Amino acid sequence: MEPQARLLSAILFHKHRQVEVALNRSVLAWKEIERSRKRSPGISNSAETAHSHAVQVCEIVAVCKTKDDDQDSKETMKSQKKAKQHSHLYPHAFTVSYIRRTRQHQWRCGDVTFHSANQGLCEQWIHVINEQLSLLTNRPKSLLVYINPYGGKRHGRRIYEQKVAPLFRRACILADVIVTERANHARDHLKTEANLDKYDGVVCVGGDGMFSEILHGLVTRTQTDNRVDQNQPDAELVPCSLHIGIIPAGSTDCICFATVGTNDPVTSALHIIVGDSQPMDVCSVHHNDIFLRYSVSLLGYGFYGDILTDSERKRWLGPARYDLSGVKTFLSHNYYEGSISFLPAENNKGDPRDKLQCRSGCRICQPKPSSKDTQWEISEEKEKSDKDGMGGWSVIRGKFIAINAASMSCACPRSPRGLSPSAHLADGTTDLILVRKCSRLNFLRHLLQHTNKEDQFDHSFVEVHRVRKFRFQPRQHELDSLEDLSDSPKKTGFSPICSAQTTCNYSTSHSSWTSDGEILPHAAIQVSVHGQLIRLFARGIEEQQQCVLEDPCTLWALEPSTYQSVD
Ligand SMILES: CCCCCCCCCCCCC/C=C/[C@@H](O)[C@H](COP(=O)(O)O)NC(=O)CCCCCCCCCCCCCCC
Ligand SMILES: Nc1ncnc2c1ncn2[C@@H]1O[C@H](COP(=O)(O)OP(=O)(O)O)[C@@H](O)[C@H]1O
Ligand SMILES: [Ca+2]
């Protein structure tokens, strides 16, 4: 790769030591002068060695003039005298705030302050760095923020004010904040009222349920504006132009965890600031050609549907409601009869058991521009020609403890690999997991495997398919109407210890679907995946500590440009 020309270089002071600082279009680097000369001449090929540091320009949060009060605030008593002398000699300074990777995908905002005797020089550095930042056009300047004050442990407002707002201010992002006053406040505001032209993105402070509100508001608004009828299951939906940021402050937060790798408000705020972009699939759910909901994480019938139905009554318990309802539902051990038909994904989409996890820059999720249209036509054609005979579609009937569709891994702190560890964020498919009637012990084994590294699909009673569309029809019990009044749910040989359904006056042989944590009113549904319908301010889970810098040493080897100025 052609090394880039230096924009600036100078001898400045950092922590009372002389450093050489250099900037090109992609990297800001600095190294101590005396020590590096004394020690080895070779600097290793990493972003940071003992005496050489480098930061990618696209990971700089902000640069600003350092105020006098800030300069010595972190000094110890011992070094205060030295610092005073130093700041007398070099009274001018600027601070660069940048992204620092810590453990397990967590990001923090680090600061580095450079001092100089020359005020003009400091101003020049601030100007040139800001000029480079202004070229990064994917960064949001104006955001619309919705806070659910009742999500998770009810810390949403505090999390935003203490951890996120100061970072947005530092990055000069304007934020209009709405603290919601009722469920669906954010959805309705986005659907009709909000002036979206003003914003570069929408931020949701809350859990998956709150994200779902933003999703529905934005997707519906986009379809209305483009005159697309959401009730048509085959309608080609128009992708949303605004990015969505998630500040995790809910109970599960799996959409954040599976797209960032951690549930941490500061990390999410930094992904928003740098304008990361992660496309994401969205499932549309219909009942008899009537639109019900969109879903991005788990669409679950049976086990998870029952947990969610039960846990809604325990909302006051916060995130612990899922554990309590989980144990209760596990002990109930219900199964449900029905038939699933699905349209499998094309072969190039991989397999749910192939262990190719979706990671930042995932190849399977890349749109294939040259062949996409023709591929799409072929598969549409195949689908049409197959429609009458249901060719291309597979049908499975049976008794199921759980039917889960995971459009992405659904990784979360409870299950760090998720419900379908190899599911992809943006491949246009969902992984359909069918857990048939089995013993309690076997089901427990299967569940436990979600928490360790074992393969949860390695059971005769579990099957998993990567699909583009599916339908579910619960078994119609001819005598349902008579039996429903007296019958409890079907059991796998044990009497019920407690059951959500015994108090339910809807057919007891049916469960409910949960879609991103919300309950759907119908059991018979049609689902289609809409590839890459939305984009998040995220980049997918990074493989490891990514050191994508060009060798910072190249900066030192370059001829100075016209910008060069040395103190
Ligand atoms: C024995 C331990 C078994 C642990 C099994 C863990 C599997 C967890 C898979 C989680 C998938 C989560 C998919 C995410 C869905 C969310 O969109 C959605 C909404 O999120 P929000 O609250 O942030 O708005 N959340 C949920 O649907 C919550 C799912 C929670 C599942 C908890 C499962 C607990 C199971 C406990 C079984 C206990 C067996 C005990 C035996 C004595
Ligand atoms: N101000 C509010 N009062 C009551 N419910 C709200 C409010 N704002 C949002 N909600 C609803 O709260 C539910 C849960 O929100 P969420 O942020 O996902 O928290 P959790 O992860 O704890 O479920 C969602 O269904 C959302 O529509
Ligand atoms: Ca997918």
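Above: the structure in question.
Residue positions are given per chain, counting from 1 as you read along its sequence in written order. All chains are assigned letters beginning at A, and all ligands numbers beginning at 1, according to the order in which they are written. Two thresholds apply to this predicted model, a pLDDT of at least 70 for residue-level local features and 80 or more for giving and counting side-chain atom pairs, whereas whole-chain, interface and lining totals are computed over all residues.

J.: Which residues make up helix H7 (residues 208–225), and what values go with them?
T.: In DSSP terms, a helix is any run of H or I states spanning at least four residues, a strand is any run of E spanning at least two, and both are numbered starting from the N terminus. Here, expected helix span is obtained from the residue count minus one, scaled by 1.5 Å. Between the first and last C-alpha of H7 there are 25 Å, a value that for 18 residues agrees with the 26 Å anticipated at 1.5 Å per step. Put plainly, a residue is buried at 20 or more neighbouring C-beta atoms within 10 Å of its own, exposed at 12 or fewer, and partly exposed in between, counting only other residues' C-beta atoms, which are placed from the backbone. Here H7 lies mainly inside the structure; 13 of its 18 residues are buried. Of the residues trailing H7, Arg-227 is marked for its positive phi of about 55°.

J.: Please provide a residue-by-residue account of the site of ligand 1, values included.
T.: Any residue qualifies as near a molecule or strand once its backbone-derived C-beta atom lies within 6 Å of it. Around ligand 1 there are 31 residues in total, and Gly-207, Asp-208, Thr-252, Gly-326 and Gly-517 lie nearest to it. Within the residue set of the shell around ligand 1, elements represented by two or more residues are H7, helix H10 (303–312), helix H11 (321–332) and helix H13 (440–448). Element by element, the count of residues in the shell around ligand 1 is highest for H11, at five residues. Classification used: nonpolar for Ala, Val, Leu, Ile, Met, Phe, Trp, Tyr, Cys and Pro, charged for Asp, Glu, Lys and Arg, polar for all others including Gly. Its residues placed into classes, the shell around ligand 1 shows 14 nonpolar, 12 polar and five charged. Residues lining the shell around ligand 1 come from more than one domain, with at least three contributed by each of domain 2 (141–276) and domain 3 (282–362 + 391–530). The domain boundaries here were taken from an automatic or database domain assignment.

J.: Could you give an account of the environment of Leu-242, naming the residues involved and the relevant values?
T.: Its location among the elements puts Leu-242 in the loop between H7 and strand S11 (243–248). In this structure, the C-alpha to C-alpha distance between Leu-242 and Leu-196, residues 46 residues apart in sequence, is 8.3 Å.

J.: So what about the pairing of strand S6 (residues 92–101)? Which residues, and what values?
T.: Relative to S6, strand S5 (residues 60–65) runs antiparallel, the two being bridged by five bridges. Following the sheet pairing, Ala-62 is matched in S6 by Ser-97. In this sheet, strand S7 (residues 107–116) lies alongside S6 in antiparallel orientation, the contact comprising 10 bridges. Across the sheet, residue Arg-100 finds its bridge partner in S7, namely Arg-108. Each pair of strands is called paired provided DSSP finds at least two bridges between the two strands. Taking the residues between adjacent antiparallel strands as the criterion, S6 and S7 are bridged by five residues, where Gln-104 takes a positive phi near 45°.

J.: Lay out the environment of Val-205 with the relevant residues and their values.
T.: Residue position: Val-205 is located in strand S10 (residues 201–206). With 43 residues separating them in the primary sequence, Val-205 and Pro-248 have C-alpha atoms 6.1 Å apart. By the convention adopted here, residues make contact when the C-beta atoms placed from their backbones lie within 7 Å. Every residue in contact with Val-205, bar those within four places of it in the chain, is listed here: Val-145, Tyr-146, Ile-147, Asn-148, Gly-156, Ile-159, Tyr-160, Ile-247 and Ala-249.

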